[in-house]
Amino acid sequence: MPDEIQLSPWRDFPLEPLVLNQMKWDFVLVCDKHKPGSKKDAKRKKFLAELEKKGFIIKKIEDKKLFYGVHAPSEIFQKYQFLLRNPDGGVQNHHTQENVPTTTRIRIVNFILQNTEISCEAPFGSEQEQRQGSNPETLQKLIKANVFEAAFPLHEKGDLRILLKRNWAQWRKILKKQPIEAIRSYFGEKVALYFAWLGWYTRILFPAAVLGLLVFLYGSFHFDSSQVSKEICEANTTIMCPLCDQKCPFWQLSDTCTYAKVTHLFDNEGTILFAVLMALWATVFLELWKRKRAEVVSDWELYRWDEDEEELALQLINNPEHTLKEYRHSYIRSTILLFLVLLMITMLIGIAHALVIYRVVATVLFTQSNFEFIQEWASTMAVMTGAVLHYITIIVMTKVNRHVALFLCDLETPRTFSERENIFTVKIFTFQFFTYFSSLIYIAFFLGRINGHPGNYVRIAGKWRLEECHPSGCITDLFIQMAIIMTLKQTLSNLVEYLTPWLKLRFLKSLANSKNKDKVHMEKGPQDSCKEQWLKNYQLSEVNVFSLFDEFLEMMIQYSFTTIFVAAFPLAPLMAFFNNLFEIRLDAIKMVQLQRRIVPRKAKDIGIWLQVLEAIGILAVIGNGLVIAITSDFIPMQVYKYTYSPCKLQNRTDINCLTGYINNSLSVFRVQDFEWQMKLPEKLPDFMRSEITECRYRDYRNSDDYNYSVQFWHVFAARLAFLILFEHVALCSKLIAAWYVPDIPQWVKNQHLQRKYENLQGELNNSADVTGTTWIVSVSSSIMDRSTEV
């Protein structure tokens, strides 16, 4: 079937085939072959006719689907350059479009396509519908209605894409510097800034990763020498209370020797310094990124570029009669939205509670297992399986969160696309933060602190007891949860992210080369190369407005893991560093080889994501302060060391000052005081030869009335004092670092100052030339007038 060329109203002659082959097709629209005269067929023709009215040239190629190449007229780009005073830099000939960057062409054409509307009145529907019409339909709505299947710009065949393939989008280039200027020229400023930020973030992660590794190695070197671990390993006469109500056995504290040693890997003296330095690192990273961004965009001439002004210009180019959409605010709508957001957050917290219930029930079941290994590690296995279940919940709720955030954005009726993107970003990050961190917050700050005590346990539905912390602390539970979620997220997610488009492309290529496939032979002619190119681009994986957004969101969640609870997981920066080395090349390979070309976006910074990073930095100070003050045993150890230890009470210097800490931190409970729900095992454990009358549990309580002891309040006061001191010192350090490191380097400021000076000097010289010419003309006219009079 021959190619169909639909001509614009101002063109009444056919284009030569040579001209068609040389023409640059800005976009390709794909649709199924609809039944002639059907509603979808009519909408397709109507939409193409609207583009035709705007001067677009449309080329049709028929295969198993219909492909429409779209070429925009030069007048559109001339208007753009005139309205925005040629924002792409350089002196250009307004009678040609040769100097219009490809990224600018694609961006403008995409805006016009997305904002071209058709009415759906006749000839379908009832007479009333035909009279009243219906809401105009845009390309996005037509795609949802299956009128069109896809709309995408084409990958280029030129040297730039080859350069990106060879020097950037390859695994063996993993340690090579990124060609940011080439990325900008091909994908636009927003994508270039994303990779510039990701590369800088990865580079700055290296010192944090080394520091976290040193903290871990310090714990490893003292793996067997910790006084607390020694006491737990030697406590074979310390009988601990049962972990559940249903015939769970009494157990020896020494059974958890390995667990105590692992805890010391992360809960040691180096953790405190590491947490303070990471809070400072987060601030320094942001300040250094602001400087790096200023350096990156200094030659892009975007400092005077305004996103709102560009969108207004594009609206007027698309429709000269466009009605200005003004800023509006409704307190009623804001109140409703706030209520819905809080309702969603409440639901996410409820899911975290469900995970808590799972761990409580799982602990009981594992403790009653017939396998000795499972019995011994019941609590740890409950935490580990709970972490896997948490990850599955994250996968499901990510999709739910996206739909809810989009729905709330529609209710808010944003004025522009950029405003809509900012609103969506805030909502989806908030929902994702609670999805990822609600369970972690419970483990860090509530686990083992709201469960009551023997004789008065807090129970779920009056049946299942809440979990307890290990005698050496709860920080290992937090570490296990973080390690599993972060590992699964960075391995499985990346594998799916890469393998899905790669396998799809491989499958389509093998299908195309299969002898059994029905081949549609292309007609020989100059249009064959277009068809081949369009089909190759169509086979690539789809991209949408969320493609780059998803990459940013993934990195923000990782940054949260790396900073907020890093005191419990010092290896998080190291894991993030290695992940990002692969992430950069993975994203590059996807964008260049496996996905359709992303629509370029103009930007001079990373937008609202910078505010998200600043918010995470503040949360990091609060989170790490709380982890050290509440989750870690650092404060109770210091209180014991300087108040209750033999070094203090007996003035002894020949022993470790933490000697006796474990025995001091365990309270005594009389077995006869257990509640009626407690069913003790009929058979005594092997290590007991007589009846058990007392057992120990982790808390600071009196042995007679089970009320909090004086030491509890000493520890509580010390925790609170440390938290206030830590956060004030960390926040002050952040403010000092932010003040000390300028956002923009001096040479960049001087460069822009020099440009302003030269521009003003040129304007002044031009003005002087014009004034002098005017004076000469005036004098000449005066002389001529006098000559005439004579």
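Residues numbered from 1 in each chain as written. Predicted model: local features only at pLDDT ≥ 70, side-chain atom pairs only at ≥ 80, totals over all residues. Heavy atoms only, no water.

So, the overall build of the chain
Secondary structure assignment for the chain yields 27 helices and 13 strands. Here the chain holds 790 residues, and 48% of them are scored as buried. A sequence separation of at least 24 residues applies to 79% of the contacts in the chain between residues at least 6 apart. Only carbon and sulfur atoms are counted for the fraction: they give 59% of the accessible area of the chain, which is about 40,200 Å². (Helix = DSSP H or I, 4+ residues; strand = E, 2+ residues; numbered from the N terminus. Buried < 20%, exposed > 50% of the residue type's maximum accessible area, 1.4 Å probe, protein only. Contact = heavy atoms within 4.5 Å. Areas by Shrake-Rupley, 256 points an atom, 1.4 Å probe, with all protein chains shown as cover.)

Some words on the packing of helix H3 (residues 74-83) against helix H4 (residues 102-115)
Each pair of packed helices can be summarised by the angle the axes make with each other and by the distance between the axes. Look at H3 against H4: their axes get within 11 Å of each other, and the N-to-C directions meet at 105 degrees. In terms of axis orientation, H3 runs roughly perpendicular to H4. From H3, Ile76, Phe77 and Tyr80 reach across to H4, where they touch Thr104, Arg105, Arg107, Ile108, Val109 and Ile112. Per-class residue counts for the contact of H3 with H4 are six nonpolar, one polar and two charged. (Axes fitted to C-alpha atoms, helices over the stretch in contact; angles between N-to-C directions. Parallel < 35°, antiparallel > 145°, perpendicular 65-115°, else oblique. Nonpolar A, V, L, I, M, F, W, Y, C, P; charged D, E, K, R; others polar.)

Quick word on helix H17 (residues 417-445)
Along an α-helix, residues three or four apart share an orientation, since each turn contains 3.6 residues. The terminal C-alpha atoms of H17, which comprises 29 residues, lie 40 Å apart, in line with the 42 Å expected from a rise of 1.5 Å per residue. At Phe437, H17 shows its strongest bend, of approximately 45 degrees. For H17, a buried count of 21 out of 29 residues is recorded, marking the element as mostly surrounded by other parts of the structure. (Expected span 1.5 Å × (residues − 1). Bend = angle between axes of the 7 residues up to and from the residue.)

What about the packing of aromatic side chains?
Applying the stated criterion across every chain, the model contains 44 aromatic pairs. Geometrically, the ring pair formed by Trp168 and Phe187 is tilted, given 6.5 Å between the ring centres and 55 degrees between the ring planes. In this pair, Trp168 is assigned in the loop between helix H7 (159-167) and helix H8 (180-187) and Phe187 in helix H8, connecting sequence segments 19 residues apart. Under the relative-accessibility criterion, Trp168 is labelled buried at 0%. Ring plane angle 55 degrees and centroid distance 6.3 Å describe the contact between Trp739 and Tyr740, whose orientation is recorded as tilted. For the pair formed by Trp739 and Tyr740, the shared burial category is exposed. (Phe/Tyr/Trp six-rings, centres within 6.5 Å; stacked < 30°, edge-to-face > 60°.)

Considering the state of the cysteines
This model, assessed by the stated rule, comprises three disulfides. Linked covalently through their sulfurs, Cys233 and Cys257 form a disulfide whose S-S length is 1.8 Å. A torsion of 80 degrees about the S-S bond marks the disulfide between Cys233 and Cys257 as right-handed. Linking Cys233 in helix H10 (residues 227-234) with Cys257 in helix H11 (residues 257-266), this pair joins segments that are 24 residues apart in sequence. On the accessibility criterion, Cys233 (24% relative accessible area) is partly exposed. Using a relative accessible area of 17% as the deciding quantity, one classes Cys257 as buried. (Disulfide = S-S within 2.5 Å.)

Some details on the pattern of salt bridges
Inspection of every chain in the model, using the stated rule, returns 30 salt bridges. Its salt-bridge partner being Lys45, residue Asp41 comes within 3.4 Å of it at the nearest N-O pair. Placement of the pair is Asp41 and Lys45 together in helix H2 (residues 39-53), with a separation of four residues, close to one helical turn. For the salt bridge of Lys53 with Glu50, the shortest nitrogen-to-oxygen distance reads 3.5 Å. Remark: Glu50 and Lys53 occur in helix H2; sequence separation between them is three residues, near one turn of the helix. When its relative accessible area of 59% is taken as the criterion, Lys53 is described as exposed. Counted as one network, the salt bridges with shared partners bring together Lys190, Glu307, Glu421 and Arg601. (Salt bridge = Lys/Arg side-chain N within 4 Å of Asp/Glu carboxyl O.)

A closer look at helix H16 (residues 378-412)
In a regular helix each residue adds 1.5 Å, so 35 residues correspond to 51 Å; H16 covers 48 Å between its end C-alpha atoms and thus fits that length. At Met397, H16 shows its strongest bend, of approximately 30 degrees. In the segment just after H16, Thr413 is the residue with positive phi, at about 45 degrees.

Considerations on the nonpolar core
Ranked by size, the top nonpolar core spans 143 residues in total, and within it Phe187, Trp197, Tyr201, Trp281 and Phe565 carry the most contacts. Sort the elements by how many residues they give to this core and helix H9 (residues 189-221) lands first, with 15 residues. Filtering out sequence-adjacent residues up to four positions away, Trp281 remains in contact with Tyr201, Ile204, Leu205, Ala208, Tyr559 and Thr563. Counting residues in hydrophobic clusters, the runner-up holds 31 residues, among them Leu66, Ile112, Ile118 and Ala313. (Core = buried A, V, L, I, M, F, W, Y, C linked by side-chain atoms within 4.5 Å.)

Here's the deal with the confidence of the model for the chain
Chain-level pLDDT for the chain is 82 on average; 88% of the residues reach the 70-or-more range. Confidence drops under pLDDT 50 across residues 122-133; counting only partners more than four residues distant or on other chains, this segment forms ten contacts. (pLDDT = per-residue confidence, 0-100.)

What to know about a nonpolar patch on the surface
Taken together, Met347, Val388, Leu389, Ile392, Ile395, Val396 and Val400 make up a surface patch of nonpolar side chains, about 530 Å² in accessible area. For the nonpolar patch, the leading source of residues is H16, giving six residues. By the secondary structure assignment, Val388 is in helix H16. (Patch = residues over 30% accessible without salt bridge, like charges linked within 9 Å, V, L, I, M, F, W, Y side chains within 5 Å.)

Overview of the side chain of Thr283
Looking at the secondary structure, you find Thr283 in helix H12 (residues 269-297). Overall, Thr283 belongs to the buried group, its relative accessible area being 5%. Contacts of Thr283, omitting those with residues within four sequence positions, involve Lys734, Ala737 and Ala738.

Looking at unusual backbone geometry
Its identity is not glycine, yet Asn146 carries a phi of approximately 65 degrees, on the positive side. By secondary structure assignment, the location of Asn146 is in the loop between helix H6 (139-144) and strand S5 (150-152). On the accessibility criterion, Asn146 (47% relative accessible area) is partly exposed. Phi is positive for Tyr706, close to 65 degrees, though the residue is something other than glycine. Tracing the backbone shows Tyr706 in the loop between strand S13 (694-698) and helix H26 (710-740).

Remarks on the packing of H9 against helix H20 (residues 547-563)
One way to put it is that H9 packs onto H20 with a least axis distance of 11 Å and a crossing angle of 20 degrees. With respect to each other, H9 and H20 are oriented roughly parallel. Crossing of H9 over H20 shows left-handed handedness. Packed against H9, whose contacting residues are Lys190, Val191, Tyr194, Trp197, Leu198, Tyr201 and Leu205, the element H20 presents Leu548, Glu551, Phe552, Met555, Met556, Gln558, Tyr559 and Thr562 at the interface. Residue composition of the contact of H9 with H20, by class: eleven nonpolar, two polar and two charged. (Left-handed = near helix turned anticlockwise from the far one by under 90°.)

Things to note about the environment of Thr367
Note on placement: Thr367 falls in helix H14 (residues 331-367). Along the primary structure Thr367 and Lys247 are separated by 120 residues, whereas in three dimensions their C-alpha atoms are 9.3 Å apart. Those residues in contact with Thr367 that lie beyond four places of it in its chain are Cys244, Cys248, Pro249, Gln375 and Ala378.

Thoughts on the pairing of strand S3 (residues 57-62)
Along S3, five of the six residues are buried, which leaves the element largely enclosed by surrounding structure. Where S3 folds back on strand S4 (residues 66-71), the antiparallel hairpin that results is connected by three residues. (Pairing = 2+ DSSP bridges.)

Brief notes about the side chain of His752
In this structure, His752 sits in helix H27 (residues 746-789). Other than its neighbours up to four places away in sequence, His752 contacts Ser298 and Tyr303.

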